[in-house]
Amino acid sequence: MKYSSIAEAYEKIEATTKRLEMTDYLVEILKETPTSLIDKVVYLTQGKLYPDFVGIEIGIAEKLAVRAVARSAGHREKDIEEDMQKTGDLGETTQKFMKKKTQATFFSVPLTVERVYETLDKMANSTGSGSVDLKLSLLAGLLSDASPSEAKYIVRTVTGSLRLGIADMTVLDALAVAFGGGKETREQLERAYNISSDLGRVAKLVAEEGIERIKQFKVLPGEPIRPMLAERLSSSAEILEKLGGKCRAEYKYDGERIQAHKKKDEVILFSRRLENITDQYPDGVEYIRKHVKAEEAIVEAEAVAVDPETGEMKPFQELMHRRRKYGIKEAMEEHPITLFMFDVLYVDGKDLTLQPYPVRHRYLEKIIEQTDNVKVAESTIAENPEQLEQFFETTVESGSEGIICKSVNEDSVYQAGARGWLWIKYKRDYRSEMTDTLDLVVVGAFHGRGKRAGTYGAFLLAAYDPDKDVFETVTKVGTGFTDADLEKLPKMLNKHKISHKHPRVDSTLDVDVWFEPAVVIETRGAEITLSPIHTCAMNVIRKESGLAMRFPRFTGKYRVDKSAEDATTTQELVEMYRSQLKKIDG
Ligand code: ATP
């Protein structure tokens, strides 16, 4: 398959702002792709070579890419850099310089997708001494045979700035139409994706074997399952009503969510965002190996930092000491963890994701050997609001941020990748005057003035609407930031800087700097109000009004464990607004 077909599709996708058109272009290109290549084309359109959990990134530094472009276009690095200052995008600059070159020469062998993929893969996998030179010559070689437009996309891909804005959900829509037999098969494809987290594999399977094969898709140890998430309510009575009068209420631990996969002696740990974090928790690996009594299993736990002196639980922030490459051993001794196990999704050949929670819980109790550092999450069965309230009070007294109430009905399956009403969280702060904290995505920023000159003064924050797959603005935040935060934030954000509003951001406000949705921060406000300028839930509650958070503050917590699509959703904000009204009325 010619790489030019892909580059042409990219050009079209980039030119549209409509998600439906984007899907149509994707369908076209997928249909054109030989089935043996489908997975690779899917990864490439998302700027990747593998699913995220594999953890292999192409990651070529911009400087190296500039050298490769200079070499293959026959120009000085300085010229390329100067032009890049103007365009703000090495891709565009590359295209320009390659055009100049093609006026003089003409290229002979057309690039194939296979060759591009294999070369990028070699680059991604080359490490150690000599790897820089190897990467440089591989990239320059590719670029020399590329057309200007192809060169633009190759350069963007290798520097991690492809940003076509094609979300997983858009790919699933396209797969349903291209190979599933129609839009209605999207749900089955989504389930397969939710339990494998591998869009490429799902794509290839449906293209090669059809939708029937997708319906039989099962979980597999080693492939992370997208996490099930909880809705929220603010009273015991409401919760029980929603769950049919009975639930298992569990202590909500404040740590890091871990999905552990055990395959005999091998143990892999995945984070909430499904990154492979095995290396951060050698102690966790050992606990799973020894105390999960099954040959193969997938279990979920909250890893909580405990005080080695007193055994008391410490807040989430303490686990940040584990997010590093070196010095893990020291961090492990200073900040030991306890694993609180709360679900099991697979045991020795049995996929449990479609089993009701009581069945899964029985398995959990059976396979977990409890020790000081490995425990099954504390819980109780509650059948009336008083019982539930009492459990809530005791957990809060012992320092928990609240409880998670889980359905025990027949249909209480593990809803991979979804925030639903089978799990409902009930937190301490829902009961205070303040609304709950919101995890919002930074989509834009305003330059600072006065004391904040030279850094950012305020940020435009957005919630996520999974139905529309867009980010809708909710508030502008400028308080709660320490000097250290103001120094750190530009470093975190500038990698995501773009020259225009991101196609998946919906905003009526203009800002000084736009970002692609990536960085998530926790904020707390005084209340949620109707607003004509913010686009969150526009026209949902009232015509021409969206929802906004008033008096927002940054809480100091960077939700590095969340991707932009894990941010608080528009639908959650609507719920919060409604329950706030109820409280005022009541
Ligand atoms: P939050 O910011 O409140 O942690 P979240 O968006 O990360 O929310 P939710 O699904 O809303 O995730 O809340 C559930 C989270 O609580 C899980 O992701 C998990 O990390 C944590 N947790 C702690 N104890 C439990 C438990 N017993 N059962 C399930 N999840 C638990």
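Note that this is a predicted model, so its numbers are computed, not measured.

Q: Run through the layout of surface pockets, naming residues and quoting values.
A: In this structure, the second largest pocket occupies an estimated 1000 Å³ of space. Looking at the second largest pocket, it is lined by 47 residues, and the ones nearest its centre are Lys252, Tyr253, Asp254, Glu401 and Lys427. No other element matches strand 11 (residues 419-427), which puts 4 residues into the lining of the second largest pocket. Of the residues contributing to the lining of the second largest pocket, the split by class is 14 nonpolar, 7 polar and 26 charged. Inspection of the lining of the second largest pocket shows a minimum of three residues originating in each of domain 1 (229-431) and domain 2 (437-585).

Q: Just give me the short version of empty space enclosed by the protein, but keep the residues and values in it.
A: Overall, the coordinates contain 1 cavity of 30 Å³ or more when judged by the stated rule. Looking at the largest cavity, the residues that line it are Pro227, Arg257, Ile258, Gln259, Phe270, Ser271, Arg272, Leu274 and Glu300. Among the elements that take part in the lining of the largest cavity, strand 3 (residues 256-263) stands out by supplying 3 residues, more than any other. Here the residues of the lining of the largest cavity sort into 4 nonpolar, 2 polar and 3 charged.

Q: Can you break down the nonpolar core residue by residue, with the values?
A: Of all hydrophobic cores here, the largest spans 93 residues; its most connected members are Tyr3, Leu120, Leu139, Leu143, Ile154 and Leu189. Ignoring anything within four residues of it in the chain, the contact list for Leu143 reads Ala68, Val69, Ser72, Met98, Ala151, Ile154 and Val155. Among the nonpolar cores identified, the runner-up in size contains 30 residues, and Leu438, Phe459, Leu461 and Ile521 belong to it.

Q: Lay out the pattern of salt bridges with the relevant residues and their values.
A: In total, this model carries 40 salt bridges according to the counting rule given. Between Arg323 and Glu256 there is a salt bridge, with its nearest N and O atoms 3.0 Å apart. In this pair, Arg323 sits in the loop between strand 5 (296-305) and helix 16 (328-334) while Glu256 sits in strand 3, placing the two residues 67 residues apart along the sequence. Lys329 is paired through a salt bridge with Glu333; the nearest N and O atoms lie 4.0 Å apart. Of the two residues, Lys329 and Glu333 both sit in helix 16, 4 residues apart, roughly one turn of that helix. Glu333 shares its class with Lys329; the two are exposed. A cluster of three or more residues bridged by salt bridges with shared partners is formed by Arg19, Asp173, Arg186, Glu190, Asp469, Arg504 and Glu565.

Q: How would you summarise the site of the ligand if you had to cite specific residues and measurements?
A: Among the 19 residues in the neighbourhood of the ligand, the closest are listed as Glu302, Arg419, Lys425, Arg559 and Lys562. Tyr251 is positioned with one of its backbone polar atoms (N or O) 3.1 Å from a nitrogen atom of the ligand. Side-chain polar atom of Lys406 to a nitrogen atom of the ligand: 2.8 Å apart, as the coordinates give it. Compared with its free state, where it exposes 600 Å², the ligand has 95% of that area covered by protein.

Rules used in this analysis
- Residues numbered from 1 in each chain as written.
- Predicted model: local features only at pLDDT ≥ 70, side-chain atom pairs only at ≥ 80, totals over all residues.
- Heavy atoms only, no water.
- 1 Å grid on protein atoms, 1.4 Å probe; cavity = no way out; pocket = protein on both sides within 12 Å on 5 of 7 lines; lining within 4 Å.
- Points joined across faces, edges and corners; volume = space filled by probe spheres on them.
- Helix = DSSP H or I, 4+ residues; strand = E, 2+ residues; numbered from the N terminus.
- Nonpolar A, V, L, I, M, F, W, Y, C, P; charged D, E, K, R; others polar.
- Domains from an automatic or database assignment.
- Core = buried A, V, L, I, M, F, W, Y, C linked by side-chain atoms within 4.5 Å.
- Buried < 20%, exposed > 50% of the residue type's maximum accessible area, 1.4 Å probe, protein only.
- Contact = heavy atoms within 4.5 Å.
- Salt bridge = Lys/Arg side-chain N within 4 Å of Asp/Glu carboxyl O.
- Near = heavy atom within 4 Å.
- Polar contact = N/O pair within 3.5 Å; in protein donor to acceptor, adjacent residues only side chain to side chain.
- Areas by Shrake-Rupley, 256 points an atom, 1.4 Å probe, with all protein chains shown as cover.

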